[in-house]
Each structure stands twice: as structure tokens, then as C-alpha cells.
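So the chains spell out like this:
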Amino acid sequence: MRVDLRSDTVTTPSPAMREVMAHAPVGDDVYGEDATVNTLEERVAALFGKEAALFTPSGSLANQLAIRMLVSAGEELLAETNSHIVRAELGAAAVFSGITTRTWQAKRGLLNAQEVLDLARPNSGPYLVSTTAIAVENTHNFGGGTVQPIDQIAALHKGAQEMGIALHLDGARIWNAHIATGVAFADYGQYFETLSLCLSKGLGAPVGSLMLSTKEKVAKARVWRKRYGAGMRQIGILAAAGHYALDTNLALLQHDHRRAKFLANRCHAIAPSIVDPTTVDTNIVSLDLSQLPLTAAEFAQIVKTEGVLISALGPNFARLVTHLDIDDAAMEFAADVLTQTLQRALVAQ
Ligand SMILES: *Cc1c(COP(=O)(O)O)cnc(C)c1O
């Protein structure tokens, strides 16, 4: 058996999803004539209570178009130090938009509104950089799939509004936050000027993200999408995968969460310091190997030889991610391989 827990991006489209893609009505999307893209953009915008949406090939592009709409060159975006925008988009905000970032550090990526508001410096005049936007990641990927408390988001929004600072949501996995908490999409949507969402993570589409905002900002972002070379033609075949994912796969995320919790519980039972299962909110399990006699890279290498792929993201930091292509049998198999490896390492100590 081969069980790939490196990311929820590794899913492959199911036969049923491919079937829907094959039969999607299409047109030239640069002309605004792809009916399947148009209905997906309208559907997702409405879901989050926003005026408009723009389909993009990646979440990074959706993030970058969004923050470009909020922050001018030479101005500042605040973001968590381990956020995707800061660490995993290759400096795009600086390279393409001249945006500087200043970061805060949060345990498990969890938002504390007051700490962030204390950092913000709007309208700083001719001497210091002015803060014009704040990005929030929900769920927080490198924080371990953590869900941002809605009361902290609301408090951040209130404070930011008083200072004239805009909020952006990196909601690549907002779907998981919704399933874990029951908070409605529109409740999240109301607090953010711009949002980005991914269809290609837990929802299992092969490609696709969306940037959401006002009609005006989305129209402007559409121009920049083309300028960046991402004007696409008959992409209704991709948007159809997004429709299918929302119809069918959204509700299945609860199983990813259950399976992640199971893996965390099994690892914790062998090596309590490796993870606190109560901190596993969604489909990501962060493993802390600092108290164990092997590094994350060594752990990943050993389990790989037994058919389980995991990510080593730091010297002592490994990550497991459950997704659509992991069923209960794969989960049991992975739990056995992970715990047997931990057991052997502890005995050899
Ligand atoms: C995956 C991800 C993105 C977008 O990534 P792409 O690979 O560009 O689609 C954005 N934010 C977070 C938190 C992510 O995990």
C-alpha cells in the first residue's frame, strides 16, 4: 500500500468528477463567455456574501491579485510569520506589487486580534511605512490546520476598520474551518474586503481557486490576471470540477478531520510529546519530534520505505495531511507504520 499524507493537494480527480468536467458547457472566458466559469464565480461569491468572484489557476495568484487590490507599492501588509503569503509565494508581493510585509508570530498560527492591531501603523506619513492591509489565514496551514476563532476575526475587523485598514482572508482551507465549526461562509465573508479560496486542496479539484471582493475590485483584478498571463479560454472544464467539488466533496471533509484526529491519537499514544490530539482542529497534524531520538527527515525517510509519505517541514517538524484519497484502510495502515516506527526509535534510544 502507498499512502500519501504529504498534502491535500495530491488528490486526483475521481471518475465522477472527470465525467462532469467532460460534459461542461464552455466558451472563451477572456470574453466572459464561459457559462460554467460564470456560474461558479456567481455561486461562490453568493456563498460568501460578496459581490463578485474571479477564477484563477492557483491560490497564490488569487492571494496576490487580492492584496494588490488593497495595498499600493511601498505600503505594508501585516501577516503571520508562517503564513502562506509570507513563506510560500516566493516573495510575489514584493516582486510584482512592491508590497512590503511585516509579520507577527503566533503559536500554532492562532490569531490574537489585539497583538496584530498593536503592530498596525496606518497613515504613517513621510517617515515610516504605512499599514494598509492585514492578511489572516484560515485554516492556518503551517500552524497545523488551526481554525481562527470567529470572535478574534470580528475584533480584528472592528479595530482595523477604525484605523482604515483592510482585511484579506487567505481561505485556501476555509472549507475545513466551516465544516469544523459550523460558522457560515457568509459570516466569514462579512469581515474581509478580499478573500482567496482553493478548490484544489481538500475539495479535490485538479486546478482552481477564486478571488472574491466587490464588483469593482474583481473587475480590476480581472485586468491584472490577464496582465500576469493567466487569462484562460475554455476553462469551464476546470470550473465544472469546482462545481462538483462543492456539490459532493465539501461534506466529505468531516471524514478528513476524523481521520487526522485518529492519526494524532495513535501517535500520541506511543509518543505523548509528538502531538496533542486536542489541538488537531481539521485535516492537518503537526508532529513535533524535538523530544524524540530522530529528526523529521529521518522519520519521513523511514516511513517512506514502508509506503507512507509525510512532509518534513523543519528539523523537528513533520506534517501529516488527510484528504479525499485517504480512506479508513489507508488511515489504519498509515497509523500502524507511523506508530511502529516511533516505537522502534524509542526502544533503540
Ligand atoms: C495551498 C495554499 C495556497 C495556494 O497555493 P497554490 O499552490 O498557489 O494554489 C494559499 N494559501 C494557503 C494557506 C495554502 O495552503
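In the block above lies the structure referred to throughout.
Residues numbered from 1 in each chain as written. Predicted model: local features only at pLDDT ≥ 70, side-chain atom pairs only at ≥ 80, totals over all residues. Heavy atoms only, no water.

**Q** Account for the overall build of the chain, naming residues and giving values.
**A** When helices and strands are tallied, the chain shows 14 helices and 12 strands. Along the first, second and third principal axes, the C-alpha set of the chain runs to 60 × 55 × 35 Å. Taking as baseline every contact in the chain between residues at least 6 positions apart, the subset at least 24 positions apart corresponds to 76%. Total accessible area on the chain stands at roughly 14,500 Å², and carbon and sulfur atoms take up 53% of it. (Helix = DSSP H or I, 4+ residues; strand = E, 2+ residues; numbered from the N terminus. Contact = heavy atoms within 4.5 Å. Areas by Shrake-Rupley, 256 points an atom, 1.4 Å probe, with all protein chains shown as cover.)

**Q** With reference to specific residues and values, describe helix α10 (residues 215-227).
**A** Taking 1.5 Å per residue, 13 residues should reach 18 Å; α10 reaches 19 Å between its end C-alpha atoms and fits that length. On the buried face of α10, the contacting elements are β2 (52-56), α3 (59-70) and β8 (209-213). A positive backbone phi angle near 90 degrees is found at Gly229, which sits one or two residues after α10. (Expected span 1.5 Å × (residues − 1).)

**Q** So what's going on with the sheet that holds strand β11 (residues 311-314)? Which residues, and what values?
**A** The strand order across the open sheet formed by three strands is β9-β12-β11, and the pairing between neighbours is antiparallel. The sheet terminates laterally at β9 (284-288) and β11, the two strands that pair on one side only. Direction aside, neighbouring strands of the sheet carry axes that sit 30 degrees apart on average. Across five bridges, the pairing between β9 and strand β12 (residues 317-321) is antiparallel. Bridge pairing in β12 links Val285 to Leu320. On top of the sheet, helix α13 (residues 296-305) reaches β9, β11 and β12; it is set at about 175 degrees to β11, its chief contact. (Pairing = 2+ DSSP bridges. Axes fitted to C-alpha atoms, helices over the stretch in contact; angles between N-to-C directions.)

**Q** Would you mind going over the packing of aromatic side chains in detail, with residue names and values included?
**A** Throughout the structure, instances matching the rule amount to five aromatic pairs. Aromatic pair Phe96 and Tyr228: ring centres 5.3 Å apart, planes at 45 degrees, arrangement tilted. Pair noted here: Phe96 is in helix α5 (residues 92-97) and Tyr228 is in the loop between α10 and α11 (236-249), with a separation of 132 residues, a long-range link. One aromatic cluster is present, built from ring pairs that chain together Phe48, Trp175 and Phe185. Positioned above the aromatic ring of Trp224, the side-chain terminus of Arg68 is 3.4 Å from the ring centre. One Lys or Arg, Arg87, reaches over the ring of Phe142 and ends 6.0 Å from the middle of that ring. (Phe/Tyr/Trp six-rings, centres within 6.5 Å; stacked < 30°, edge-to-face > 60°. Lys NZ or Arg CZ within 6 Å of the ring centre and 35° of its normal.)

**Q** Quick rundown of the packing of helix α12 (residues 253-270) against helix α14 (residues 328-348)? Include the residues and the values.
**A** Here α12 crosses α14 at 20 degrees, and the two axes come no closer than 9 Å. Between α12 and α14, the crossing angle belongs to the class labelled roughly parallel. Here the hand of the crossing between α12 and α14 comes out right-handed. Residues Arg258, Arg259, Phe262, Leu263, Arg266, Cys267 and Ile270 of α12 form the contact with α14, whose own contacting residues are Asp328, Met331, Glu332, Ala334, Ala335, Asp336, Leu338, Thr339, Leu342, Gln343 and Leu346. Taken together, the residues that form the contact of α12 with α14 break down as 10 nonpolar, two polar and six charged. (Parallel < 35°, antiparallel > 145°, perpendicular 65-115°, else oblique. Left-handed = near helix turned anticlockwise from the far one by under 90°. Nonpolar A, V, L, I, M, F, W, Y, C, P; charged D, E, K, R; others polar.)

**Q** Explain the side chain of Glu76 to me, and be specific about the residues and the numbers.
**A** Looking at the secondary structure, you find Glu76 in strand β3 (residues 76-80). For Glu76, the residues in contact, after removing those within four places along its chain, are Val71, Thr100, Arg102, Val129, Ser130, Thr131, Thr132 and Ala133.

**Q** Can you explain the nonpolar core? Please cite residues and give values.
**A** When a protein is soluble and globular, its nonpolar side chains tend to lie buried together. One finds Phe48, Phe55, Leu156 and Trp175 to be the most contacted residues of the largest nonpolar core, which totals 51 residues. A total of six residues in this core trace back to one element, the largest contributor, which is α11. Once residues lying within four places of it in the same chain are set aside, the contact partners of Leu156 are Leu111, Ala113, Val116, Leu117, Ile134, Val136 and Leu167. One finds Phe299, Ile310, Ala330 and Val337 within the second-largest nonpolar core, a separate group that totals 32 residues. (Core = buried A, V, L, I, M, F, W, Y, C linked by side-chain atoms within 4.5 Å. Buried < 20%, exposed > 50% of the residue type's maximum accessible area, 1.4 Å probe, protein only.)

**Q** I'd like a description of the site of the ligand, backed by residues and values.
**A** Around the ligand, a shell composed of 13 residues is seen, among which Gly59, Ser60, Asp170, Arg173 and Lys201 lie nearest. A distance of 2.8 Å separates an oxygen atom of the ligand from a polar backbone atom of Gly59. Here an oxygen atom of the ligand and a side-chain polar atom of Lys201 are 2.9 Å apart. Contact with the protein chains covers 83% of the free accessible surface of the ligand, which is 380 Å². When residues of the shell around the ligand are assigned to their parent elements, the largest contribution, three residues, is made by α3. Split into classes, the residues belonging to the shell around the ligand amount to two nonpolar, six polar and five charged. (Near = heavy atom within 4 Å. Polar contact = N/O pair within 3.5 Å; in protein donor to acceptor, adjacent residues only side chain to side chain.)

**Q** Residues and numbers for the sheet that holds strand β6 (residues 166-171), please.
**A** An order of β2-β8-β7-β6-β5-β3-β4 is seen for the seven strands of this open sheet, with the pairing classed as mixed. With partners counted over all chains shown, the strands left at the sheet margins are β2 and β4 (100-104), one partner each. Going across the sheet, the axis of each strand differs from the next one's by a mean of 20 degrees, ignoring polarity. Here β3 pairs with β4 via five bridges, running parallel. In the strand pairing of β4, Ala79 is matched with Thr103.

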